[in-house]
Amino acid sequence: MINYNNRVFRPLSNSENGEVDLEMHFVYKQSGNIVTSTYSGGRIKTGHLIAIADENGNLDMRYHQVNDKGEITTGICRSTPEQLADGKLRMHEKWQWTSGDFSEGESLLEEQ
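Residues numbered from 1 in each chain as written. Predicted model: local features only at pLDDT ≥ 70, side-chain atom pairs only at ≥ 80, totals over all residues. Heavy atoms only, no water.

Visitor: Even after reading the chapter, I still don't get the pattern of salt bridges, so can you show me in this structure?
Guide: Where side chains of opposite charge bring their charged atoms close, a pairing between them can arise. On inspection of all chains with the given rule, the structure shows seven salt bridges. Across the pair Arg78 and Asp54 runs a salt bridge whose closest N-O atoms are separated by 3.7 Å. Taken as a pair, Arg78 in strand β7 (residues 72-83) and Asp54 in the loop between β5 (44-53) and β6 (59-67) lie far apart in primary sequence, 24 residues in all. Judged by relative accessible area, which is 39%, Arg78 ranks as partly exposed. Across the pair Asp60 and Arg62 runs a salt bridge whose closest N-O atoms are separated by 2.7 Å. (Salt bridge = Lys/Arg side-chain N within 4 Å of Asp/Glu carboxyl O. Helix = DSSP H or I, 4+ residues; strand = E, 2+ residues; numbered from the N terminus. Buried < 20%, exposed > 50% of the residue type's maximum accessible area, 1.4 Å probe, protein only.)

Dropping the structure here:
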């Protein structure tokens, strides 16, 4: 299993309907197979995610956040790791809002 504890990820891309800013960073914490992060920046005043990691490092994630309009937005995400040549991880994410318009999107994060 991949250990995500203290790994820092930055977004490389995000679908237009997403709220994550490309300047944000996510510091992951892990205990057993539970992964968490608190994040903020850009359009997000504060946000939290929680995920379960499987034996291959895939993350089954839920998130909630407060945006710059003062709205609470929530969603689900499936994040699949790719091991890069330098040993760092690139995360391929497919997500869907569970609030608002319930639209779907994709993000790409890379370990810093």
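Visitor: What is the right way to read the environment of Met24 from this model?
Guide: Mapping Met24 onto the fold places it in the loop between β1 (8-14) and β2 (26-27). We classify Met24 as buried; its relative accessible area is 1%. The spatial distance from the C-alpha of Met24 to the C-alpha of Asp86 is 22 Å, given a sequence separation of 62 residues.

Visitor: Would you take a moment to explain the environment of Gly18 for this structure?
Guide: As for its position among the elements, Gly18 is in the loop between β1 and β2. Look at Gly18 and you get buried, because its relative accessible area is 9%. Once the C-alpha coordinates of Gly18 and Ser103 are considered, the two residues, 85 residues apart in sequence, prove to be 9.3 Å apart. Once residues within four sequence positions are removed from consideration, Gly18 is found in contact with Arg43, Trp95 and Trp97. (Contact = heavy atoms within 4.5 Å.)

Visitor: Would you mind going over unusual backbone geometry with me for this structure?
Guide: Glycine aside, residues mostly have negative phi, and peptide bonds are mostly found in the trans state. You will see that Asn6, though not glycine, has its phi angle at about 65°, which is positive. Positive phi, close to 60°, is recorded for Phe102, a residue that is not glycine. Here Phe102 lies in the loop between β8 (89-97) and β9 (104-111). The exposure class of Phe102 is partly exposed, given its relative accessible area of 48%.

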